[in-house]
Amino acid sequence: MLQYCTKTMLAATLIFAASSFAQTDDGSAEPSYGSEDTQSYAAPAPAPVAAPAPQQSSTPIYVNATQGNQVYAVPQQNNAPIYVNATQANQGYAVPQQNYNQGYNNGYNQTYVVPPVAAQPPKTGRTLQALSFALPIESVTWDIENENDDIEYSSIGFLFNWTRYRVNDNGYSSLFGLSLGYVTGETEGERGHKGPDMDGMDFNMKFGWGMAPVAKEVIFAFHIFMGFDLKAVEGEYSQTYEDEEYDYNRGTYVTRTETVSAEFSSFHIASLLGGDLIIGYQFSEAMAVVGGVDISTNILGFGAFSNEKSDDTEAFGILFSGISITPHIGISFVY
C-alpha cells in the first residue's frame, strides 16, 4: 500500500514538472498582468506604398477634387504639373489631360510642307514703252472773231515723245502717248499779208485703239486716236516804211525810212482726231526699234492772239481746220 502511494505521488510530481516546463518554453510573449479581460494588441504593419506610374509626356494633368479626404490616383501619362480645381473640401480625382498640347504639336511640331506653286499661265501679248524723236509739220487756221481776215499759222517742231503700245496675241492693239517740245512757224493773213514769226512750246496727248496684224519680231500696227494739242508761242513783227519827201534846203526829193515793230503772243488748245501707222523690229528680248507717222486734224478749239504794243487781244476759234503730219522714230523697251 505504501509503495503504491509513493508511486502515485512520484507520478504526480513528474507530471506537474513537465507541465511547468512546457509552459515556460511556449510563452515567448510577455506575461499579461491584471484581470483576465485585459488584452495586448500588436501594432498593425504599415500599408504598402505603390510606386509611381511611369511618366510618358510633358502634358499637364488637371485634378478635379470631388470627394472628401480621398484621392484616386489615375496613372499619369505625362510629366507636367497637376492642376487642382478645388470644388469640395480636400477631395480630388486626378484626371489625365490628353489634348493640352495638341494645338502646339499641330502648329509647331509638324513638318512644314511647302505648298506647290501654281503653274504660271503663259505670257500673252507685249507692251512697248517707246521713246521717240518726232518732227511735226502742222498748219492751223485761227478764225479771228472780230476780223474778216483769218490767220494761218504754219509751223514745224521738234518733239520728244513717249508712247506706250500694247499689242495682244489676238491682234488688238492700243496706245497712249505724250509729247513735249519746241515749235516755230509763221503767220499769214487770209489776204496774203505776212504776219510775225512765232515760236514757243508745244504739248500734246493722244490715246487710241487699233490692230496689229503682225506682232512677232517685226511689229506692224495701225491705230485711230484722239487727243488734244496745246501751243503757246510769241514773236516780234517789224515793218519798214519808205516815203519820199521834198527837201527844200537841198532842192531835191529825199527817201525816208521808218521801221515799226511790235511783239505778239498767242496760245491755243484744240482737240485732235487722226490715225497712225507704226513699224517695229524687236532685236532682243527687251529692246526694239519703232518708227511711224501720225496724221491728224484739229476738230475744235479756241485761243487768243495779242499785240503787246497796243495791248490789243483778239480771241479766235478753231473748227475742223489744218492738218498735222508727224513722223517719229525711237527705241522701245519691251516686256
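This text gives an overview of the structure that appears in the document. (Residues numbered from 1 in each chain as written. Predicted model: local features only at pLDDT ≥ 70, side-chain atom pairs only at ≥ 80, totals over all residues. Heavy atoms only, no water.)

Helices and strands together make up the secondary structure of the chain, namely two helices and 13 strands. Counting all 335 residues of the chain, 31% fall into the buried class. Once local pairs closer than 6 in sequence are excluded, the contacts in the chain between residues at least 24 apart make up 62%. Here the chain has roughly 23,100 Å² of accessible surface; of this, 59% comes from carbon and sulfur atoms. (Helix = DSSP H or I, 4+ residues; strand = E, 2+ residues; numbered from the N terminus. Buried < 20%, exposed > 50% of the residue type's maximum accessible area, 1.4 Å probe, protein only. Contact = heavy atoms within 4.5 Å. Areas by Shrake-Rupley, 256 points an atom, 1.4 Å probe, with all protein chains shown as cover.)

All right, on to empty space enclosed by the protein then. Taken as a whole and assessed by the stated rule, the structure comprises two cavities of 30 Å³ or more. The volume enclosed by the largest cavity comes to roughly 200 Å³. For the largest cavity, the lining is made up of 19 residues, of which Asn204, Leu272, Asp294, Ser324 and Thr326 are closest to its centre. Residue assignment for the lining of the largest cavity shows that the elements contributing at least two residues are β7 (151-167), β9 (194-215), β10 (218-247), β12 (287-307) and β13 (312-334). (1 Å grid on protein atoms, 1.4 Å probe; cavity = no way out; pocket = protein on both sides within 12 Å on 5 of 7 lines; lining within 4 Å. Points joined across faces, edges and corners; volume = space filled by probe spheres on them.)

Moving on: the side chain of Ser296. Topologically, Ser296 is positioned in strand β12. Residue Ser296 is classed as buried on the basis of its relative accessible area, which comes to 9%.

With that settled, the discussion passes to the pairing of β9. Sheet faces and side chains relate simply in a regular strand, where the side chains alternate between the two faces. Two elements, strand β8 (residues 172-189) and β9, share 16 bridges in a ladder whose sense is antiparallel. In the sheet register, Phe176 faces β9, and the bridge partner there is Phe207. The loop that links β8 with its antiparallel partner β9 comprises four residues; one of these, Gly192, has a positive phi angle of about 95°. Relative to β10, β9 is paired through 15 bridges, and the arrangement is antiparallel. Considered in β10, the bridge of Val214 is made with Phe220. The antiparallel hairpin formed by β9 and β10 contains two residues in its connecting segment. (Pairing = 2+ DSSP bridges.)

This part covers the pattern of salt bridges. What the rule picks out here adds up to five salt bridges. Residues Asp197 and Lys194 are paired through a salt bridge, measuring 3.4 Å at the closest nitrogen-oxygen approach. We classify Asp197 as partly exposed; its relative accessible area is 44%. Judged by relative accessible area, which is 48%, Lys194 ranks as partly exposed. For the salt bridge of Lys231 with Asp202, the shortest nitrogen-to-oxygen distance reads 3.6 Å. With a gap of 29 residues between them, Lys231 in strand β10 and Asp202 in strand β9 connect regions that are remote in the sequence. The residues Lys231 and Asp202 share a single accessibility class, namely buried. Here the salt bridges share partners, and the residues they tie into one network are Glu138, Asp202, Asp229 and Lys231. (Salt bridge = Lys/Arg side-chain N within 4 Å of Asp/Glu carboxyl O.)

Here the focus is the side chain of Ser324. If you trace the backbone, Ser324 turns up in strand β13. In this structure Ser324 comes out as buried when scored by relative accessible area, which is 9%. Looking at Ser324, its side chain comes within polar contact range of the side chain of Thr326, at 3.4 Å. In this structure, Ser324 is in contact with Ile137, Glu138, Asp294, Ile295 and Ser296, ignoring residues within four places of it in sequence. (Polar contact = N/O pair within 3.5 Å; in protein donor to acceptor, adjacent residues only side chain to side chain.)

In this structure, strand β11 (residues 252-281) lies alongside β12, joined through 17 bridges in antiparallel fashion. Bridged to Ala270 within β12 is Gly301. Counted between consecutive antiparallel strands, the loop separating β11 from β12 contains five residues. Across 19 bridges, β12 lies against β13 in antiparallel orientation. Within β13, the position partnered with Gly303 by the bridge is Phe316. In textbook terms, the turn of a hairpin is the stretch between consecutive antiparallel strands, and for β12 and β13 this stretch comprises four residues, one of which, Asp311, has a positive phi near 55°.

Keep in mind that these numbers describe shape and distance, not what the molecule does.
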